[in-house]
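# Residue-level structural notes
Listed below, chain by chain, are the residues.
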Amino acid sequence: AQKITQTQPGMFVQEKEAVTLDCTYDTSDQSYGLFWYKQPSSGEMIFLIYQGSYDEQNATEGRYSLNFQKARKSTNLVISASQLGDSAMYFCKDGNQFYFGTGTSLTVIP
Amino acid sequence: EAGVTQSPTHLIKTRGQQATLRCSPISGHTSVYWYQQALGLGLQFLLWYDEGEERNRGNFPPRFSGRQFPNYSSELNVNALELEDSALYLCASSKDRYEKLFFGSGTQLSVL
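To start, this report covers the structure provided alongside it. Each chain has its residues counted from 1, running along the sequence as written. Chain letters start at A and ligand numbers start at 1, both assigned in the order the entries are written. Given that this is a predicted model, residues contribute local features only at a pLDDT of at least 70 and side-chain atom pairs are listed and counted only at 80 or more, while totals for whole chains, interfaces and linings are drawn from all residues. Hydrogens are left out, water is left out, and the side-chain values use all remaining heavy atoms of the structure.

With that settled, the discussion passes to the overall build of chain A. Counting from the N terminus, the helices are the DSSP runs of H or I reaching at least four residues and the strands are the DSSP runs of E reaching at least two. If you tally the helices and strands in chain A, you get zero helices and 11 strands. Atoms counted for the radius of gyration: C-alpha only. Globule rule: 2.2 Å times residue count to the power 0.38. For 110 residues, the compact-globule formula gives about 13 Å, and the C-alpha radius of gyration of chain A, at 13 Å, lands near that figure. Its C-alpha atoms give chain A principal-axis dimensions of about 40 × 25 × 20 Å. Partly exposed residues are those whose accessible area sits between 20% and 50% of the maximum for their type, while under 20% is buried and over 50% is exposed, using a 1.4 Å probe and protein chains only. Across the 110 residues that make up chain A, the buried fraction comes to 46%. Any two residues whose heavy atoms approach within 4.5 Å at even a single point are treated as in contact. A separation threshold of at least 6 residues defines the contact pool for chain A, and within that pool the share at least 24 residues apart is 51%. Note on areas: Shrake-Rupley, 1.4 Å probe, and residue coverage restricted to the protein chains presented here. With the model as given, the accessible surface of chain A reaches about 5300 Å², and the carbon-plus-sulfur share is 49%. If the 8 positive side-chain charges of chain A are averaged to one point and the 11 negative ones to another, these points end up 3 Å apart. Working convention for charge: Lys and Arg count positive, Asp and Glu count negative, and His plus the chain ends are omitted. Charge positions are represented by NZ for Lys, CZ for Arg, CG for Asp and CD for Glu.

Take a look at the structure:
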């Protein structure tokens, strides 16, 4: 069965620094996608960025970018120039099924 | 354009009662998903509805059920409530199962 793994329960980053959040996908599918979502303390889930396994370039959306390593089936989220408002839970989700990883709690330190 | 709306925002029930949670998807979205998020934990997949039919369900007992109406809105019913059902219930919608999900603000269910 497919499985999404996020190995970092909690991360801290200094304001204005970059941080990388890990996500790996255990699947035998050759075609797949991975989504990243942000969940602030308010509870609502917000879509951030998506990577397809056949995309030629790593996805980028503003300060968010993905470091996609196809052989490892990992799609790590890079947040550049961290802001206090980036403090939240971050979840990755497989694009073929309905399952989320366990999430990473990011705290941005002023 | 209106986003995904859920009602009620908060719901307080006692053990053994039934709870009904409602969700209206974004206009044009036919797929609706339900997730349970217990305090401090991740999202557990409950149900997927598309075109009025239940298409998939997660590892939850049958007392978790729901339906999707012709206008694509959806209802989640939880029967014989147990204390551990206390959680945030999130509804999401999408155009199809491979596209990004748009989430509502959730219903916080408390079982006393």
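Another point: the nonpolar core. A general feature of soluble globular proteins is that nonpolar side chains tend to end up buried together. Buried Ala, Val, Leu, Ile, Met, Phe, Trp, Tyr and Cys residues form a nonpolar core when they are joined through side-chain atoms within 4.5 Å. In terms of nonpolar packing, the biggest core is built from 22 residues, with Trp36, Leu48, Ile49, Leu77, Ile79, Tyr90 and Leu106 of chain A touching the most fellow members. Elements with a minimum of two residues in this core: β3 (19–21), β5 (33–39), β6 (46–52), β8 (64–69), β9 (74–79), β10 (88–94) and β11 (104–109) of chain A. Once you skip the residues sitting within four places of it in the chain, Ile79 of chain A turns out to touch Glu17, Ala18, Val19, Arg63, Tyr64, Asp86, Tyr90 and Leu106 of chain A. Within the second largest apolar cluster, 21 residues are counted, among which are Val4, Ile26, Trp34 and Val78 of chain B.

Once that is clear, we can look at the environment of Ala59 of chain A. Along the chain, Ala59 of chain A turns up in the loop between β6 and β7 (60–61). As for Ala59 of chain A and Leu77 of chain A, which are separated by 18 residues in sequence, their C-alpha atoms are 9.7 Å apart.

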